[in-house]
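# Observations on the model geometry
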Amino acid sequence: MNARIALLLMLATSLGGFSRAVEPETKAMETVLEARVRVQSDRPGPAISSQFMGLSFEASTLATQHFASTNRVFRQLLANLGTGVLRFGGNYVEHTFWSREKGAVFPDAKAVLGPADLDRLFAFSRDIQWPVILGLNLGALMPEMAADEAAYAVEAGGAQLLAFEIGNEPELYRKNGVRGTNYVYSDYRRELDVYRGAMHARLKKVPLCGPAHASNFGWLTNFLNDARSDVVLASRHHYPMSADPSFKPDNPRYTSLENLLSAATMKASAKLIREHQQASSKMGVPLRVGETNTASRGGKAGVSDSFASALWAVDYLFTVAELGVEGVNFHAYFRCGGYTPVCWDAKTGYRPLPIYYGLLLFKAVGGGRPLPVTCETSANLAAHAVLAADGGQRVILVNKERDRAVRVRIEGSAGARTATLLRLSAPSLESTTGILLGGAAVQVDGAWSSGELEAIRGDGKTFEVSVPAASAVVVLVGSGAKPR
């Protein structure tokens, strides 16, 4: 425990009773709601995977220099998130080609990858210790090309290669023009079998992740049955909202701040992901939400790039972790705006956008085993808890109210009398700047460390915590009560 935290704890103890070393800022005349959160510390679930965190990119980005080890700020931003998984796929995988010959040309290519691109990727992957899920072009129906790319990836990647994806969202091919309008699962299976055959002719093992679908539950179960001998990960894509301009405000998937932060939206996400997790679990295959974010089609300005997206991400990450899912890959691109966690431009270089801070808070909690939580309140408040590896508790509170603070009584603290608080805050839900975690922003070099922690004191059974409007807090109780 560092000296600052120790000093804060001593101050809280000397004040006696419930006290706060640093009073959180609240708006004048802010209405305060009440909440009661009960943590069942004796019923921990399965441990959160050490590679739970992940990012997803379009396969075509591999032809750029973004994944060069010399990009120190980008490397640092990913290293802040701990260990995770890099996934390359997206719609552009069907327009990303491979050749060992320099200067190769393919019609309708968004990018042509070669050995240097995969060498660069796997060097970057080793530097940050994030293994790779590599998407292969199914749209072009070139199985020998895909098999050659896979063979090179196995050679270059070694242990850093986690799995291959063959195609992206194939159930939508008949809608997006990749195939004819009569394309169905049996057509996909025939193509998949041809690709698997070509890859097996070159490789001893063909680790697959799939079907990388975004709809039609049956594709998951069919894929797991038909390709089970090769499958190491099941993959489902999920966007709770859509930025489709034809969607009207009365559609529950219409992209708005209200829908993003709605408890009903999170409940619908949990229901869908739970169904897929249960199906894959019955087959003995772990599930990743291999591509996800606030809203499909790149998100929506004013929502996906706002502080509200960070609060959503905190709630979403812990909700998915509680379902026993292997991990989550947030889709990203390097254009500044929309839903990407990290962007790049010529003036500022690499920098985090608001949603990144939600991912950073999840990492600061430090993993562990989810604990059952009940939350009694009229507020739009989400509550989660984790049993840390050191035996301490981490209680995560997300206040999604626009202008009302919530005073939370936490029960089930297992005899602890002191705790520290890590807060995530911004000027408003709409904010795109001024975001702080632990009182500190990510620096221009990509580094972050908590600059402000609070100390509180309980009675051995309960703690009381004030969560200002539009903010989140982690209550760190017990051993090692500091962010990781």
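Below, the structure is looked at part by part.

Conventions we followed
- Residues numbered from 1 in each chain as written.
- Predicted model: local features only at pLDDT ≥ 70, side-chain atom pairs only at ≥ 80, totals over all residues.
- Heavy atoms only, no water.
- Core = buried A, V, L, I, M, F, W, Y, C linked by side-chain atoms within 4.5 Å.
- Buried < 20%, exposed > 50% of the residue type's maximum accessible area, 1.4 Å probe, protein only.
- Helix = DSSP H or I, 4+ residues; strand = E, 2+ residues; numbered from the N terminus.
- Arc of directions from axis to C-beta.
- Contact = heavy atoms within 4.5 Å.
- Phe/Tyr/Trp six-rings, centres within 6.5 Å; stacked < 30°, edge-to-face > 60°.
- Lys NZ or Arg CZ within 6 Å of the ring centre and 35° of its normal.
- Axes fitted to C-alpha atoms, helices over the stretch in contact; angles between N-to-C directions.
- Parallel < 35°, antiparallel > 145°, perpendicular 65-115°, else oblique.
- Left-handed = near helix turned anticlockwise from the far one by under 90°.

Moving on, we get to the nonpolar core. In terms of nonpolar packing, the biggest core is built from 116 residues, with F164, F330, L361 and L424 touching the most fellow members. With twelve residues, helix α10 (residues 307–322) is the single largest residue contributor to this core. V37, V395, A416 and V467 belong to the second largest nonpolar core, which has 24 residues in total.

All right, on to helix α2 (residues 72–79) then. Among the residues making up α2, those that are buried are F74, L77 and L78. Here the buried residues of α2 occupy an arc of 95 degrees about the axis, which is enough to place them on one side. Tucked inside the fold, the buried residues of α2 contact β2 (53–58), β3 (84–89), α3 (115–128), β14 (342–345), β15 (349–352) and α11 (354–365).

Applying the stated rule across the entire model yields 26 aromatic pairs. An angle of 15 degrees between the planes, with centres 5.4 Å apart, marks the rings of F57 and F334 as stacked. One end of the pair, F57, is in strand β2; the other, F334, is in the loop between β13 (327–332) and β14, and 277 residues separate them in sequence. The same class applies to F57 as to F334, namely buried. The rings of F57, F67, F74, F88, F124, F334, W344 and Y350 are connected pair by pair, giving a single aromatic cluster. We note R335 situated over the ring of Y333; from NZ or CZ to the ring centre the distance is 4.3 Å.

For the rest of this paragraph, the subject is the packing of helix α4 (residues 143–157) against helix α6 (residues 185–200). Interhelical geometry of α4 versus α6 gives an angle of 45 degrees and a closest axis separation of 8 Å. Looking at the two axes, α4 sits oblique to α6. Here α4 runs over α6; the crossing is right-handed. Counted together, P143, E144, A146, A147 and A150 of α4 and V194, Y195, A198 and M199 of α6 form the full contact between these two elements.

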